[in-house]
Structures are given as C-alpha cells and as structure tokens.
Amino acid sequence: MATTSFPDASPRKKKTAAAAVPARRDPIGAPDGPTQEAACTAHVSPRTLAVTAAEPAFSRQFGLSVDEICGRGLLELLRSPVPGQLREQFTALSSGRCRRFRERVTCRDGEGRNFPAEVTAIAVGQPTGEIVGLVVLLRRAEQAADGGPVLSALDAQVLEGVARGESTVQLASRLYLSRQGIEYRVGQMLRRFDAPNRPALVARAHALGMFADGQWPPRVLPERVR
C-alpha cells in the first residue's frame, strides 16, 4: 500500500522553529526591549512636518484614526515647554544638521486630558545627504508624572520665581499675594522637598526633574502642574 508523507506538525517542532526567528527590531534598528516595545511610530515630512503615515497605536494616543492623523502638523500634536526650541530641533533634523534628538513633551488625548511623553525623532537620509523623511517614536511617560511631585499652578509660579532669584517682595508684587502668603508657600515647599533653604529647594526641584531642560527663565514642566 502506498503511503503519503505529511510534514511534521508536532507542537514541539513548531515551538523550536518559532524560537529560531530572530528578535524583531524597531524601525531605527535598536534592539528589542520593554522601552522599545512601548514606543509607537509615525513618519513625518521633513519639509512640512506633517504626519505622512502612522501606526494605529500612534494615532490612538491622540484619539484619532490613522486616516485622521495623516496630514496633521506634528507640532500641533506635541506640546513643549519651549515650543521654539522643539521647532528648531526639527528644523535642524530636516536640514541634516543633526541626525536624531530626544525631547520630553506633553500631548493631549482624545478626551482632552494631557499626558507626558518622550519623543525621539530620527532623520532618514539618502547617500547624497538629502533628508527624505523623519521617523518619530512616541513613548508615554505616565510613570514619570505619577512618580514625581506635582504642584498647584500658583506654587509652580512661586517655585519658578525662586529659581529666578526673586525676593519675597518681588514675588508678592508679581503674583498679587501678601509677603506672608509667599513665605507660607515657600515654607510648605521647603518642608515638602526636605530643603533647608531656597537654593537647596531649587537644586532639589532640578534633581527631581521639575524644570524644563535648558530654558531660562526656569519653567516647571506642564506635567508637574495640576
């Protein structure tokens, strides 16, 4: 009797074959890992900074579909404590003056709620040096906001003034508060940040990531303000 041979489909061999498949890498060739898997990707025009293509996970961050997010200006979706600096970084990327950068931003989801995120932007160029596209990876940073101090809007303004070196009298005049009110709020923050004086308070706030990097006058990050 003739016999017919079928490929071996045993679970053990299937499992072995699957294990031999090399690990997937993200669009920029970085090794897999928990942080890379948490990122979602969009492609952006270097000329207009408009989204040309996006993963569904990227568009969902903003409460949009893939079709709806295409054509949107990226800088309308990403909010930075220093908007001009973010635009300048993308301009440098598009012109080939830098190849990639990473920045902390604030985004707004489909329900109007702000959430902190980290954006990594990479220039895609031809051998001639011409930049033909930008790849943008967005990673939510909820743990950063949940794990760090959050101030009221008024306390954030007081802290910014202290970081600028303003006196109690100057702060009271600018914020329309009494001197006692300023001293009370500063005293609360000294105790909360376990700082013995105002310079130590500013240093402690910097160490906790309260301020936007490289900005003067100092600004408390939006995700640190309730």
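Residues numbered from 1 in each chain as written. Predicted model: local features only at pLDDT ≥ 70, side-chain atom pairs only at ≥ 80, totals over all residues. Heavy atoms only, no water.

Before going further, it helps to examine the packing of aromatic side chains. In total, this model carries three aromatic pairs according to the counting rule given. Between phenylalanine 58 and phenylalanine 62 the ring centres are 5.5 Å apart and the planes differ by 50 degrees, which places this aromatic pair in the tilted class. Classification of phenylalanine 58 by relative accessible area gives buried; the value is 1%. Measuring from centroid to centroid gives 5.0 Å for phenylalanine 90 and phenylalanine 101, while their planes differ by 85 degrees, and the two rings are edge-to-face. Here the residue phenylalanine 90 occupies a position in helix H6 (residues 83–95), and phenylalanine 101 occupies one in strand E3 (residues 100–108), the gap between them amounting to eleven residues. This pair shows no difference in class: phenylalanine 90 is buried, exactly as phenylalanine 101 is. Three or more aromatic residues joined by ring pairs make a cluster, and in this case those are Phe58, Phe62 and Phe115. A cation over an aromatic ring shows up here: arginine 140 above the ring of phenylalanine 115, its NZ or CZ 3.7 Å from the ring centre. (Phe/Tyr/Trp six-rings, centres within 6.5 Å; stacked < 30°, edge-to-face > 60°. Buried < 20%, exposed > 50% of the residue type's maximum accessible area, 1.4 Å probe, protein only. Helix = DSSP H or I, 4+ residues; strand = E, 2+ residues; numbered from the N terminus. Lys NZ or Arg CZ within 6 Å of the ring centre and 35° of its normal.)

So, on to H6. Within an α-helix, residues lying three or four positions from one another point in the same direction, as the helix has 3.6 residues per turn. Here H6 spans 19 Å end to end across 13 residues, near enough to the 18 Å set by a 1.5 Å rise per residue. Every buried residue belonging to H6 is among Leu86, Gln89, Phe90, Ala92, Leu93 and Ser94, and all of these are buried. In the core, the buried residues of H6 are packed alongside helix H5 (74–77), E3, strand E4 (114–125) and strand E5 (131–140). Phi turns positive, to about 90 degrees, at glycine 96, one or two residues after H6. (Expected span 1.5 Å × (residues − 1). Contact = heavy atoms within 4.5 Å.)

What follows covers the pattern of salt bridges. Scanning the model with the defined rule gives seven salt bridges in all. Notably, a salt bridge pairs arginine 139 with glutamate 118, separated by 2.9 Å at the nearest N-O pair. Within this pair, whereas arginine 139 is found in strand E5, its partner glutamate 118 is found in strand E4, the two being separated by 21 residues in sequence. In this structure, arginine 219 engages glutamate 160 in a salt bridge whose closest nitrogen and oxygen atoms are separated by 3.6 Å. Remark: glutamate 160 occurs in helix H8 (residues 153–164) and arginine 219 occurs in the segment after helix H11 (198–207); sequence separation between them is 59 residues. Salt bridges sharing common partners tie together Arg102, Glu118 and Arg139. (Salt bridge = Lys/Arg side-chain N within 4 Å of Asp/Glu carboxyl O.)

Turning next to the pairing of strand E1 (residues 40–44). Among the five residues of E1, four are classified as buried, and the element is accordingly described as predominantly covered. In this sheet, E5 lies alongside E1 in antiparallel orientation, the contact comprising five bridges. Paired with alanine 42 across the bridge in E5 is valine 136. As defined by bridge partners, E1 adjoins strand E2 (residues 51–54) across three bridges and the pair is classed as antiparallel. Residue pairing for E2: histidine 43 is matched across the bridge by alanine 53. Count of turn residues in the E1/E2 antiparallel hairpin: six residues, of which leucine 49 carries a positive phi of about 60 degrees. (Pairing = 2+ DSSP bridges.)

For the peptide bond that leads from tryptophan 216 to proline 217, omega is 0 degrees, which places it in the cis range. Looking at where proline 217 falls in the secondary structure, it is placed in the segment after H11. For leucine 49, which is not a glycine, the phi torsion comes out positive at approximately 60 degrees. Within the element layout of this structure, leucine 49 appears in the loop between E1 and E2. Positioned with a positive phi, tyrosine 176 is a non-glycine residue whose angle comes to about 55 degrees.

As a further point, take the confidence of the model for the protein chain. Per-residue confidence for the protein chain averages 81 on the pLDDT scale, and 80% of its residues sit at or above 70. Within the protein chain, helix H2 (residues 34–37) has the poorest average pLDDT of any element, 37, and E2 the best, 96. (pLDDT = per-residue confidence, 0-100.)

With 28 residues, the main nonpolar core has Phe58, Phe62, Leu78, Phe90 and Leu138 as its most contacted residues. Taken together, the elements giving at least two residues each to this core come down to E1, E2, H5, H6, E3, E4 and E5. Sort the elements by how many residues they give to this core and E4 lands first, with five residues. Among residues more than four places away in sequence, those in contact with phenylalanine 90 are Leu49, Leu74, Leu75, Phe101, Ala121, Leu134 and Val136. Of all hydrophobic cores here, the second largest spans 21 residues; its members include Leu175, Phe193, Leu201 and Val202. (Core = buried A, V, L, I, M, F, W, Y, C linked by side-chain atoms within 4.5 Å.)

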